[in-house]
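Secondary and tertiary structure notes
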There are 2 protein chains.
Amino acid sequence: METAGANNPESLLKIENFLCFAIYSTANAVTRAYQPRLAALGLTYPQYLAMVVLWEEENQTVKAIGDKLSLDSGTLTPLLKRLETAGLITRRRDTVDERQVLIGLTAEGRAMRDKAESVPVAMGKAFGCTMDEAKGLRSELITMRDNLVESIEGAK
Amino acid sequence: METAGANNPESLLKIENFLCFAIYSTANAVTRAYQPRLAALGLTYPQYLAMVVLWEEENQTVKAIGDKLSLDSGTLTPLLKRLETAGLITRRRDTVDERQVLIGLTAEGRAMRDKAESVPVAMGKAFGCTMDEAKGLRSELITMRDNLVESIEGAK
DNA sequence: GCCTATTAAATTGCACACAATTGAATTGTG
DNA sequence: CACAATTCAATTGTGTGCAATTTAATAGGC
């Protein structure tokens, strides 16, 4: 049978043919591609994502930000502390529900939104695909991500 | 203008509409989805990828593995040392070119290939898409990843 | 053949991710 | 109202990713 074995270019045993690896290596490449542009703003890629969420809406809880980014407090707490140290955000306990911490923007953090506007534009070119292709790919990925999340929940 | 602003569900200012975030959050979901199955083998997801590369071909250099996984020695050296400690791989200096370290499989590492066979099968179901959809998505991602890598190289 | 440039792996330092646990505040139930 | 269950953020510990540097070995140019 000629179509079997790892030597076959279509083999499912070769790492390049793994869908999961395509996702993994693309995600790493995305982070590396954003890095030089974000470094100019003093942000890492996950920090940039957190800022985008806060530019959408100020004064969100750590939980709300975590839900939007699919990150837990173990990741977000130190990340947000670094953004606070950088003078971009504020962190204060909610006086109504003291379990929660509300994250707000400083004037500097709010002002960064304008400076960051060029980032998605430049990155759009780096991705090298049309808006329609990007939209299609995005929705396919989200469908699959939600399937994966469901399979994780289902296993509990 | 009704189509502008972050309130528009199509807005490019909302995190859920970012292609980069779709890739990022899907990659995280992939790692989390693999985790329970790989934990049964005592592997993390990146360790699993390294093992897949070694099951393809034994006695590769750290560099060769890094090229295939797009990882550098800063990531691979400690990862491979953990696999060595776990008794799955061997690490030895190439006697011909002593700069290189050759990574081989132990009997245990080779035997794990069979036990790991069920992983991609089970994960295929978790992804919740057909083989053809997976193939299409994979090739689109790889194209984009290569575009991104090119844009990184070009910026140097 | 000598010396410089390049290459390979390891090391260092920083910032994620995430599982698991902790501690404090709030909710739900009888 | 008491009190167990839940929720939220923080903490702890492990394992990546990656930039930058270091060390050692090889390759290349003259």
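Heads up: the structure comes first, above all this text.
Quick caveat: nothing in here was measured; it's all calculated off a predicted structure.

1. Details of the relation of the copies chain A and chain B
- If you rotate chain A by 180 degrees and push it 0.0 Å along the axis, it lands on chain B with an RMSD of 0.0 Å. Read as a symmetry element, the transformation amounts to a two-fold axis.
- Take the interface residues of chain A: 100% of them recur as interface residues in chain B, which is what a same-surface contact looks like.

2. Some remarks on the packing of helix H2 (residues 45-56) of chain A against helix H1 (residues 19-39) of chain B
- Taken N-terminus to C-terminus, the directions of H2(A) and H1(B) make an angle of 120 degrees; their axes are 12 Å apart at the nearest point. It follows from the interaxial angle that H2(A) and H1(B) lie oblique. Viewed along their axes, H2(A) and H1(B) form a crossing whose handedness is left-handed. Of H1(B), the residues touching H2(A) (which contributes Tyr45(A), Pro46(A) and Leu49(A)) are Cys20(B), Phe21(B) and Tyr24(B).
- Among the residues making up the contact of H2(A) with H1(B), the classes are represented as six nonpolar, no polar and no charged.

3. Re the pairing of strand E3 (residues 101-105) of chain A
Residue and element names in this part refer to chain A.
- Of all five residues making up E3, five are buried, and the element is well covered by its neighbours.
- In terms of strand pairing, strand E1 (residues 60-61) meets E3 through two bridges, oriented antiparallel. The residue bridging threonine 61 from the neighbouring strand is leucine 102, located in E3.
- Two strands pair when backbone bridges link them, and strand E2 (residues 89-93) and E3 are joined in this way by five bridges, in the antiparallel orientation. By the bridge assignment for E3, arginine 93 is matched with valine 101.

4. Some remarks on the interface of chain A and chain B
- Of the residues lining the interface, 55 residues belong to chain A; the matching set on chain B comes to 55 residues.
- Between chain A and chain B lies a buried interface of about 5,400 Å² when both sides are counted; carbon and sulfur atoms form 70% of it.
- The salt bridge partner of Glu16(B) is Arg145(A), with a shortest N-O separation of 3.3 Å.
- Along the contact surface separating chain A from chain B lie 16 residue pairs in polar contact (both at pLDDT 80 or more).
- Every element with two or more residues in the side of chain A that touches chain B is listed here: helix H1 (19-39), H2, helix H3 (62-69), helix H6 (118-127) and helix H7 (131-154) of chain A.
- Considered class by class, the residues forming the side of chain A that touches chain B number 36 nonpolar, eight polar and 11 charged.

5. Structural notes on unusual backbone geometry
- A positive phi angle, close to 55 degrees, is found at Asn59(A), a residue other than glycine.
- You can see Asn59(A) is positioned in the loop between H2 and E1.

6. Focus on the protein's contact with DNA strand C
- Surrounding DNA strand C, one finds 29 residues, the nearest of these being Thr44(A), Tyr24(B), Lys63(B), Ser73(B) and Arg91(B).
- Each atom of DNA strand C within 4 Å of the protein was assigned to sugar, phosphate or base; sugar and phosphate come to 75%.
- At 3.1 Å from a phosphate oxygen of DNA strand C is found a main-chain nitrogen or oxygen belonging to Val96(A).
- Glu98(A) places a main-chain nitrogen or oxygen 3.2 Å from a phosphate oxygen of DNA strand C.
- Only H2 and helix H4 (73-85) of chain A together with H1, helix H3 (62-69), helix H4 (73-85) and strand E2 (89-93) of chain B provide two or more residues apiece to the surface near DNA strand C.
- A breakdown of the residues in the surface near DNA strand C according to their chemical character gives seven nonpolar, 11 polar and 11 charged.

Rules used throughout
- Residues numbered from 1 in each chain as written.
- Chains lettered and ligands numbered in written order.
- Predicted model: local features only at pLDDT ≥ 70, side-chain atom pairs only at ≥ 80, totals over all residues.
- Heavy atoms only, no water.
- Least-squares fit on C-alpha atoms with pLDDT ≥ 70 in both.
- Contact = heavy atoms within 4.5 Å.
- Axes fitted to C-alpha atoms, helices over the stretch in contact; angles between N-to-C directions.
- Helix = DSSP H or I, 4+ residues; strand = E, 2+ residues; numbered from the N terminus.
- Parallel < 35°, antiparallel > 145°, perpendicular 65-115°, else oblique.
- Left-handed = near helix turned anticlockwise from the far one by under 90°.
- Nonpolar A, V, L, I, M, F, W, Y, C, P; charged D, E, K, R; others polar.
- Buried < 20%, exposed > 50% of the residue type's maximum accessible area, 1.4 Å probe, protein only.
- Pairing = 2+ DSSP bridges.
- Buried area = accessible area lost by both parts, 1.4 Å probe.
- Salt bridge = Lys/Arg side-chain N within 4 Å of Asp/Glu carboxyl O.
- Polar contact = N/O pair within 3.5 Å; in protein donor to acceptor, adjacent residues only side chain to side chain.
- Near = heavy atom within 4 Å.

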